[in-house]
Amino acid sequence: MSYDLVIFGGKICTAADTTFADIGIKDGQIVAIGRDLEHSGAEAIDATDKLVLPGGIDSHVHLSQPSGEGIVMADDFETGTRSALYGGNTTIMPFCLQERNDNLREALNAYHGLAEDQCYTDVAFHLIISNPDPQTLGQDLPALIAEGYTSIKVFMTYEALRLNDAELLAAFDVARRHGATMMVHCENEDAIRYLVDRHEAERRINPSAHATTRPIAVEREATHRALSLAEIVDLPIVIVHVSNGAAAEEIRRARGRGLKVTAETCPQYLMLTADDLDGMDWEGAKFVCSPPPRNAAEQQACWQGLMDGTFDLFSSDHCPFRYDSPHGKLNPKGAKNFRFIPNGIPGVETRLPILFSEGVNTGRIDINRFVALTATNHAKTYGLYPRKGTIAVGSDADLAIWDPDLERIVHHADLHDGADYTPYEGRRLRGWPVTVLLRGKVMMKDGVLLGARGDGVYLDRQPKAGG
Ligand code: DUC
Ligand code: ZN
Ligand code: ZN
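Small disclaimer: the values here were computed from a predicted structure and weren't measured.

(A) Focus on the packing of helix H11 (residues 351-360) against helix H12 (residues 367-381). One can describe the packing of H11 onto H12 by two numbers: an axis separation of 9 Å at closest approach and a directional angle of 155°. When the axis of H11 is compared with that of H12, the two are roughly antiparallel. Crossing angle aside, the handedness with which H11 passes H12 is right-handed. Taken together, the residues of H12 that come into contact with H11 (itself represented by Arg351, Leu352, Leu355, Phe356 and Val360) are Ile367, Phe370, Leu373, Thr374 and His378.

(B) The site of ligand 1, seen in detail. Every residue lining ligand 1 is accounted for by His60, His62, Lys153, Phe155, Tyr158, His185, His241, Ser290, Asp317, Cys319 and Asn343. Lys153 places a polar side-chain atom, nitrogen or oxygen, 2.6 Å from an oxygen atom of ligand 1. Contacts to ligand 1 include Tyr158, whose side-chain N or O atom sits 2.4 Å from an oxygen atom. For ligand 1, whose free accessible area comes to 240 Å², the fraction covered by protein is 96%. Its residues placed into classes, the shell around ligand 1 shows three nonpolar, six polar and two charged.

(C) Inspection of the coordination of the zinc ion (ligand 3) at higher detail. For the zinc ion (ligand 3), the full set of protein donor atoms is His60 (NE2), His62 (NE2) and Asp317 (OD), at a range of 1.9 to 2.0 Å. Written as a sequence motif, the donor residues of the zinc ion (ligand 3) are H-x1-H-x254-D.

(D) Structural detail: the nonpolar core. Val154, Phe172, Met182 and Phe370 are the most contacted members of the largest nonpolar core, which has 100 residues in total. Considering every element that reaches this core, the biggest residue donor is helix H7 (residues 216-233), with seven residues. Each of domain 1 (3-53 + 388-449) and domain 2 (56-368) contributes no fewer than three residues to this core. Those residues in contact with Phe172 that sit more than four places away from it in its chain are Val154, Met182, Val184, Ala226, Leu229, Ala230, Val233 and Leu235.

(E) Spatial organisation of the environment of Arg428. Along the polypeptide, Arg428 turns up in strand S18 (residues 428-438). Between the C-alpha atoms of Arg428 and Ser357, which are 71 residues apart in sequence, the distance is 8.7 Å. In this structure Arg428 touches Ser357, Glu358, Glu407, Arg408 and Ile409, once residues within four positions along its chain are discounted. A distance of 3.0 Å separates a polar atom in the side chain of Arg428 from a polar atom in the side chain of Glu407.

(F) Examining the coordination of the zinc ion (ligand 2) more closely. Coordination sphere of the zinc ion (ligand 2), protein contribution only: Lys153 (NZ), His185 (ND1) and His241 (NE2), at 2.1 to 2.2 Å. A spacing of 4.1 Å is found between the zinc ion (ligand 2) and the zinc ion (ligand 3). Placement of the pair is His185 in strand S13 (residues 181-185) and His241 in the loop between strand S14 (237-239) and helix H8 (245-256), with a sequence separation of 56 residues. Residue His185 is classed as buried on the basis of its relative accessible area of 2%.

(G) Structural context of the packing of aromatic side chains. Overall, the coordinates contain 10 aromatic pairs when judged by the stated rule. Judged by centre distance (5.1 Å) and plane angle (70°), the rings of Phe77 and Tyr111 are edge-to-face. Of this pair, Phe77 sits in helix H1 (residues 77-86) while Tyr111 sits in helix H2 (residues 104-115), and the two are 34 residues apart along the sequence. With a relative accessible area of 5%, Tyr111 lands in the buried category. Aromatic pair Tyr323 and Tyr421: ring centres 6.4 Å apart, planes at 70°, arrangement edge-to-face. Linking Tyr323 in the loop between strand S16 (313-314) and H11 with Tyr421 in the loop between strand S17 (399-409) and S18, this pair joins segments that are 98 residues apart in sequence. Comparing Tyr323 with Tyr421, the two get one shared label, buried. In textbook terms, an aromatic cluster arises when at least three aromatic residues are bridged by ring pairs, as seen for Phe77, Tyr111, Phe125, Tyr149 and Tyr458. The side chain of Lys333 reaches across the aromatic face of Phe340, ending 5.0 Å from its centre. Here the basic side chain of Lys380 rests over the ring of Tyr385, its NZ or CZ set 4.8 Å away from the ring centre.

Conventions used here
Residues numbered from 1 in each chain as written. Chains lettered and ligands numbered in written order. Predicted model: local features only at pLDDT ≥ 70, side-chain atom pairs only at ≥ 80, totals over all residues. Heavy atoms only, no water. Axes fitted to C-alpha atoms, helices over the stretch in contact; angles between N-to-C directions. Helix = DSSP H or I, 4+ residues; strand = E, 2+ residues; numbered from the N terminus. Parallel < 35°, antiparallel > 145°, perpendicular 65-115°, else oblique. Left-handed = near helix turned anticlockwise from the far one by under 90°. Contact = heavy atoms within 4.5 Å. Near = heavy atom within 4 Å. Polar contact = N/O pair within 3.5 Å; in protein donor to acceptor, adjacent residues only side chain to side chain. Areas by Shrake-Rupley, 256 points an atom, 1.4 Å probe, with all protein chains shown as cover. Nonpolar A, V, L, I, M, F, W, Y, C, P; charged D, E, K, R; others polar. Donors = N, O, S within 2.8 Å, 3.2 Å for Na, K, Ca; no water. Core = buried A, V, L, I, M, F, W, Y, C linked by side-chain atoms within 4.5 Å. Buried < 20%, exposed > 50% of the residue type's maximum accessible area, 1.4 Å probe, protein only. Domains from an automatic or database assignment. Phe/Tyr/Trp six-rings, centres within 6.5 Å; stacked < 30°, edge-to-face > 60°. Lys NZ or Arg CZ within 6 Å of the ring centre and 35° of its normal.

Okay, structure coming up:
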């Protein structure tokens, strides 16, 4: 058999197995996995002493998302996918936001326009529904699900986005009948509103108030409610960005009742705490995200959930805003009152090195679980498997070659996103991707960008069988 490219000498790790073998690639796909593949005439990459992993899939990323008047997200598809690539990813899944007055299909067409010919990784979109009117729920959403837009996010917080319980039930019902995967942001908006009013009355308006107006009970209650509503509708759901042990416990209890729940956590809930929001000179704004980071005990609870199977997905929730910018964290109102600091932090490039360094290299999880949490489970949850998310004959040759011992200190200057800071500045991490291939093309090697903008494509998905 002839190959375009052979990766030899590496240790191949999937969610299931670890093997020493070579990988033969032809026309962008893996066509052979075996010992001593013949590679004369083919391009060859020596992966001796390296790990060969499926390219990471980050199924929770925000790019070019409208975020309020005067606010501009720090990454578009070019910079966001470039940063993802350097972080060992080959597919990311950003969100197409329907604002309240938007027609869903028009919003989607506009979002495709932003992505076209811009990407360094492959992409597929989730839809955010904020206007559950008859046009959206009765017409557009069913049609789009049938076209393969099979994952939807809904919010229980943010006045401009939240759905009330009746609306959640209606959206869940559409997802059940048409076979879509429903992702839910679980925080109780009314409770937050009450706490924000109280904080403002007491003039507690610096960034740390973001954490105290969104305490664990706010997330736990909404998690319980989302799970209960899903149970009533009989819909499997995804609970995104779980930040603490109490919400994780709600998920375990729901599973105990027989509900199918997929659960996600993110690097910020392992690495940051609410104390980070207390920084001098409004620096705490750099760490404002929702749900907020908690404390050391909740970090441990999130680690426990990654180890014991409570969490299926480890995603970045990359939602980047520049810090020192009138369009970012320090916008004129945000620089005076936490309520107006845009919610979200960058992290698409550091997600995998953080979990590798703090999870695999510390022995908390093994490399196969790492692959499951960062690639395979994302592909399975969102309809991309087995084309994506594993190393198998017939899969796309999306591969990340890792040096498990490479140590680097994180500095934003070395990252490739469009923000002006990283929440992980100064952290020492061991284990980094050194070469990344997208459908057989070497996109990044030893820090050098070899791929071109536009090499990444939109991934059509199939509607689910029975949907
Ligand atoms: N939810 C997200 O999923 N990302 C950023 C902000 C938010 O509230
Ligand atoms: Zn969210
Ligand atoms: Zn998010």
